[in-house]
There are 2 protein chains.
Amino acid sequence: MSESEGPARRVGRPRTAVLSHERILEAAFELADANGPEFSLASLARRLGVQPSALHHYFPTKAALIAAMRGQITLRLGTHGFDEQPWHEAILPWARASIEAFGRHPGLIAALATLPIDGEPESIADYERIVAAFERDGYPSDLIVPALVALESFIIGSALDGLTPPDNLRPVHEPERAPALLRTEAAARAAASAAGITPAQRTFEFGLRALVAGLRAIGETGGVPGGADPASASSREISG
Amino acid sequence: MSESEGPARRVGRPRTAVLSHERILEAAFELADANGPEFSLASLARRLGVQPSALHHYFPTKAALIAAMRGQITLRLGTHGFDEQPWHEAILPWARASIEAFGRHPGLIAALATLPIDGEPESIADYERIVAAFERDGYPSDLIVPALVALESFIIGSALDGLTPPDNLRPVHEPERAPALLRTEAAARAAASAAGITPAQRTFEFGLRALVAGLRAIGETGGVPGGADPASASSREISG
DNA sequence: ACCTGAACACCGTTCAAGT
DNA sequence: ACCTGAACACCGTTCAAGT
């Protein structure tokens, strides 16, 4: 609603530009913060008091705008001490900051998740910092990028999970057909409530620690428990 | 293209019904298999040789149709031996079948990811079977649902990752600014190639094993390495 | 009950025209 | 260069009308 009651502009180039990359990005974040999972150029144009077609002068497509938004989000993530701390410690606040950033923009999560990185400078710089920490700590070279991508996949999936209703897995319709689910869902909810956080937050923290612990264990032994190399083992089981 | 060249139907109720829930679902899966990440009721109606509005007679909304599709997918997942094997073994083929099913329907992944379960019978039955195996194996009650949701988040996130181009993280534009990423991405790609699988498949298998190993370790000790309880620890760190 | 066809309120994107 | 306004090709959904 920031500019919607402006005087109707005439056709032709305005004497001073009404739009800019910065103004558009600012309004885009306001829109993504305020609304639910709907994020359209049309609503963004309304908020800015311009016609939708004016936006294409600054961002050629909607995907380009969303890519720029992800660049901003990545910039704000910060460095989180990957230079001073081991990867498995610095990665925890980085992961928490990431899902918090996604959670602040529910209308963007699905779009961000499906958008390729495609050489985006901010994301590349972020990844480079993290990958360098893995290398410095002696993590196996061919497992560093998989470890990072697995973490990102977990974070994106958890962000999407955070969009679902809190009692999503509660068997409300036929509880007698899912007694174990009923019991354990209630136990998890009670534990989250006692800790003063939402079930989704508790699940994320638990899963994050589990994943990091597992990545450490496999990275240090050079393979999965049992001695098999993960790559060759996966090739056997996936192709079989 | 199955029915697009039918004779134009007249208005009014046809003598025998042209649509049914089964026919719609079948065509919907064909559409989701064939196309990329676009899945619309309009294109589905075209494929079925009907007007889009006819579909609402069987599924009130697009979300209802997608929910029914997820039910079908879950049914086809099968049981995967949760009754005979420990959870941490049965969960592996279950997770692989899940991501394979998602991968077969790229146009659905984002929609499925954001759709609440909302008491869907097939999903509830699937979860009940898995949760019961966790309970039987002595996993802490309040961590069972979080463990399952964390696994699902990883699977969904990995499915979305599978939609991105294979060289997504490759720093093509300014490789000199991301030497570690360039090195490790190449190493991961070479390892996947040597194993005869895609980088995304190798990442999934690696992350899956790491996550399951971590979930086992935390579940058996009753807390994260270091002795802190995950719930209270997360409450400290999230609220702080 | 089951479909067509028109209508409504949206989308993203392109492009000529105006200043 | 920077915007409007019209146009295009889409969406999902509702609803009257026809059989």
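Values in this document were obtained by computation on a predicted structure and should not be read as measured data.

How each quantity is defined
- Residues numbered from 1 in each chain as written.
- Chains lettered and ligands numbered in written order.
- Predicted model: local features only at pLDDT ≥ 70, side-chain atom pairs only at ≥ 80, totals over all residues.
- Heavy atoms only, no water.
- Contact = heavy atoms within 4.5 Å.
- Buried area = accessible area lost by both parts, 1.4 Å probe.
- Salt bridge = Lys/Arg side-chain N within 4 Å of Asp/Glu carboxyl O.
- Polar contact = N/O pair within 3.5 Å; in protein donor to acceptor, adjacent residues only side chain to side chain.
- Helix = DSSP H or I, 4+ residues; strand = E, 2+ residues; numbered from the N terminus.
- Least-squares fit on C-alpha atoms with pLDDT ≥ 70 in both.
- UniProt positions renumbered as here; feature names shortened; annotations may be inferred.

Participant: What is the right way to look at the interface of chain B and chain A in this model?
Facilitator: A common way to report how large an interface is uses the accessible area buried once the components associate. Taken together, the contacts link 71 residues of chain B with 70 residues of chain A. Both sides of the chain B and chain A interface together cover about 6,300 Å² of buried area, and 72% of this is carbon and sulfur. Sorting the residues of chain B by area buried against chain A places Glu 128, Phe 206 and Arg 209 of chain B first, and these three jointly supply 11% of that buried surface. Viewed at the interface, chain A and chain B are joined by four salt bridges. Put simply, chain B and chain A have ten residue pairs in polar contact (both at pLDDT 80 or more) between them. Among the secondary structure elements, those contributing two or more residues to the side of chain B that touches chain A are helix H6 (109–114), helix H7 (121–136), helix H8 (141–161), helix H9 (179–195), helix H10 (199–221) and helix H11 (230–239) of chain B. By residue number, the principal contributor to the side of chain B that touches chain A is H8 of chain B, which donates 16 residues.

Participant: How do you make sense of the environment of Glu 89 of chain B when you look at a structure like this?
Facilitator: Inspection of the secondary structure puts Glu 89 of chain B in helix H5 (residues 87–104). The sequence separation of Glu 89 of chain B and Val 212 of chain B amounts to 123 residues, and the corresponding C-alpha distance is 9.1 Å.

Participant: Please clarify how the relation of the copies chain B and chain A should be interpreted in this entry.
Facilitator: To go from the first copy of the chain to the second, apply a rotation about an axis and then a shift along the same axis. Superposing chain B onto chain A takes a rotation of 180° plus a shift of 0.0 Å along the axis, which leaves an RMSD of 0.0 Å. In the structure described here, the two chain copies are related by an operation that fits a two-fold rotation axis.

Participant: Explanation requested: the UniProt feature "DNA-binding region" (unreviewed entry) in chain A in the structure shown.
Facilitator: Look at the UniProt record and you will see "DNA-binding region" (unreviewed entry) annotated at residues 40–59 of chain A. Secondary structure over residues 40–59 of chain A splits into 60% helix and 0% strand, and the C-alpha atoms at its two ends are 13 Å apart.

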